[in-house]
Every structure is written in C-alpha cells, then in structure tokens.
Amino acid sequence: MKVMAEPGAGTQFTLRDGGESVADDRLHRLYGYPDDLQRCWVRSNFVTSLDGGATADGRSGGLAGPGDRALFALLRELADVIVVGAGTVRAENYGGVHLGAAARQARHEAGQAELPPIAIVTRSGRLGKDMRVFTETEVTPLVLTAATSVPATRDLLKDTADVLDCSGADPDAVDLAVALARLAERGLRRVLTEGGPMLHGTLMQHDLLDELCLTIAP
C-alpha cells in the first residue's frame, strides 16, 4: 500500500499495484483483526529511519508523515488495548486515547469498549501519578509490572490505574507472555503495541508478535 498526501486533499491510501484508491471501509477491513480470537493477537505499529533510528529529536513522531498519522489513528480505533513501554510513555508524553463520535459508535457496534485503555509495561513500576497517561484519560490505564513491584506501585498510583502482576518464574521481571494472558483474561485480545524498540524486540525474541506495520522513513 502507498500513501499520497496532497494539499487540501487529505491523506489517500492506494494499493501498490495499479494505484487503486482504498476507501475507508475497505481500509478497516484490510487492517481488521482475525475473528473469534481465543488469545491475544499482537500487532506492532513501528516507524524507523533508513539508518535504523527510532526517533527524531527524541520522539518517534518526528519520523512520521501524514500517512503514518492516519494509520496510527486507524490502528488505535481497531484495537482493544494499546501496550506501550514506560520509557515511550515518558518520552512521547502519552495521554489517553481520544476518538471521535463515529469511531466510538463503530466500536460499540463491534462489541468493543468506546475507548481502548493504555497498558504500560514497566518492571519497576516507577511511574508518576501526575503523568498525562493517568490525568488525561477517560478510561483507567493498566500497569503491567513485576510481582515484587506490585504493592508499591498500587500504593503509589492508588485508583488512577489497574496494576497487574505480570511475572512468570522470575518475580523481579515482567513476562510478556503472562502480560498478554492477563489482557486476554479481560477480553482485551486485539493488542496494538506502539513501542518502544526494547518492547518490540522482546516481543519478537519470544515469538509473541503476530503482525508488524512498519514504516521506513527517508
């Protein structure tokens, strides 16, 4: 698929072969998650530069073009949950997900919550409760942390987040397979991860990534 952006015309997606324009409803079908999921289906949306950089001026948004931003919004609209590493939440100054009325209605008709929560992966659980991800959101974020960090993190964040024990054999580490199982237990099976690079790498290393949406920025 290719993206064309023209002044006054917005962002238009076209098929690579033949240049056929892709309407919004078809775009939703192309990026739709598999039906009747019994486990988490993990999709990654990632942008990198030609020389392998993951950020520009410290943020991944500096690498994104109009097509990336349009796809970013679409993928969020389709997901049950957005999984992000704590470092990315801090660097990108994450807030909660915002969707328009039409997208909320579409999600409602599909049996999803109107908004997907942000799920933050952090071994230490050291997160400031004044971060935008906790203060500027309509839905309660999830914190996926290690067993040894759960008590202090719950005490710190109180009712601003749901803190989940996501350790496996090592109580000092987050086991991503366990984290995905915790999300599946909550019915959050359409997973979108937006980074950062370490989280992407760990998912791939443990064969937990089902789909990669990759942009290589010039």
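Participant: Just checking my understanding: could you explain the overall build of the protein for this structure?
Facilitator: Across its full length, the protein holds eight helices and nine strands. Looking at the protein residue by residue over its 218 residues, the buried ones come to 44%. Partitioning the intrachain contacts of the protein with sequence separation of at least 6 by distance along the chain shows that 60% fall at a separation of at least 24.

Participant: Looking at this model, I keep getting lost on empty space enclosed by the protein. Mind explaining?
Facilitator: Left-over empty space is what a probe sized like a water molecule reveals as it rolls over the atoms. In total, this model carries one cavity of 30 Å³ or more according to the counting rule given. Empty space within the largest cavity amounts to approximately 60 Å³. Lining the largest cavity are Val42, Val83, Leu144, Leu176, Ala179, Leu180, Leu183, Val191, Thr193, Leu199 and Leu203. Broken down by secondary-structure element, the contributors of at least two residues to the lining of the largest cavity are α7 (176–185), β8 (190–195) and α8 (197–205). In terms of residue count, α7 provides more of the lining of the largest cavity than any other element does, four residues in total. By residue class, the composition of the lining of the largest cavity is ten nonpolar, one polar and no charged.

Participant: Where do I start with helix α6 (residues 150–157) in this structure?
Facilitator: An α-helix turns once per 3.6 residues; consequently, residues spaced three or four apart project the same way. Buried within α6 are the following residues: Val150, Thr153 and Leu157. Here the buried residues of α6 occupy an arc of 70° about the axis, which is enough to place them on one side. Among the exposed residues of α6, those oriented more than 90 degrees off its buried face are Pro151, Ala152 and Asp155. As for α6, its buried residues are in contact with α5 (132–135), β6 (142–145) and β7 (162–165). Two residues or fewer after α6 comes lysine 158, characterised by a positive phi angle close to 50°.

Participant: Sorry if this is basic, but what is going on with the pattern of salt bridges here?
Facilitator: Counted under the stated rule, the structure contains ten salt bridges. Notably, a salt bridge pairs arginine 104 with glutamate 114, separated by 3.4 Å at the nearest N-O pair. Taken together, the residues arginine 104 in helix α4 (residues 101–109) and glutamate 114 in the loop between α4 and β5 (118–122) connect sequence positions ten residues apart. On the accessibility criterion, arginine 104 (17% relative accessible area) is buried. As a salt-bridge pair, aspartate 162 and arginine 186 come within 3.5 Å of each other at their nearest N and O atoms. With aspartate 162 in strand β7 and arginine 186 in the loop between α7 and β8, this residue pair connects regions lying 24 residues apart in the sequence. With relative accessibility at 32%, the residue aspartate 162 sits in the partly exposed group. Judged by relative accessible area, arginine 186 falls into the partly exposed class, the value being 42%. A network of salt bridges, in which partner residues are shared, links Arg104, Glu114 and Glu138.

Participant: Hey, could you run me through the confidence of the model for the protein in this one?
Facilitator: As a general rule, the predicted coordinates of low-pLDDT regions are not to be interpreted in detail. Of the residues in the protein, 82% reach a pLDDT of 70 or more, and the chain-wide mean stands at 87. Below pLDDT 50 for its whole length, residues 2–9 participates in 15 contacts with residues either more than four positions away or in separate chains.

Definitions and cut-offs
Here the residue numbers are simple positions, counted from 1 along each chain's written sequence. Given that the model is predicted, a residue must reach a pLDDT of at least 70 before its local features are reported, and side-chain atom pairs must reach 80 or more before they are shown or counted; all residues, however, enter totals for whole chains, interfaces and linings. With hydrogens and water excluded, all non-hydrogen atoms of the structure serve as input to the side-chain values. In this text, helices come from DSSP runs of H or I with a minimum length of four residues, and strands from runs of E with a minimum of two, each type numbered from the N-terminal end. Only protein chains enter the calculation, and the probe is 1.4 Å; a residue is then buried if its accessible area is under 20% of its type maximum, exposed if over 50%, and partly exposed in between. Only heavy atoms enter the contact rule, under which two residues are in contact if any of them lie within 4.5 Å. The definitions used throughout rest on a 1 Å grid laid over the protein atoms alone, on which a cavity is an enclosed set of points accommodating a 1.4 Å probe that cannot get out and a pocket is an open set flanked by protein within 12 Å on both sides along at least five of seven lines; lining residues are those having an atom within 4 Å of a point. Grid points are joined across faces, edges and corners, and a volume is the space filled by probe spheres set on the points. The classification used treats Ala, Val, Leu, Ile, Met, Phe, Trp, Tyr, Cys and Pro as nonpolar, Asp, Glu, Lys and Arg as charged, and all other residues, Gly among them, as polar. What the arc describes is the spread of directions from the helix axis to the C-beta atoms. The working definition used for a salt bridge is a side-chain nitrogen of Lys or Arg within 4 Å of a carboxyl oxygen of Asp or Glu. Here pLDDT means the predictor's own confidence in every residue, given as a number from 0 to 100.

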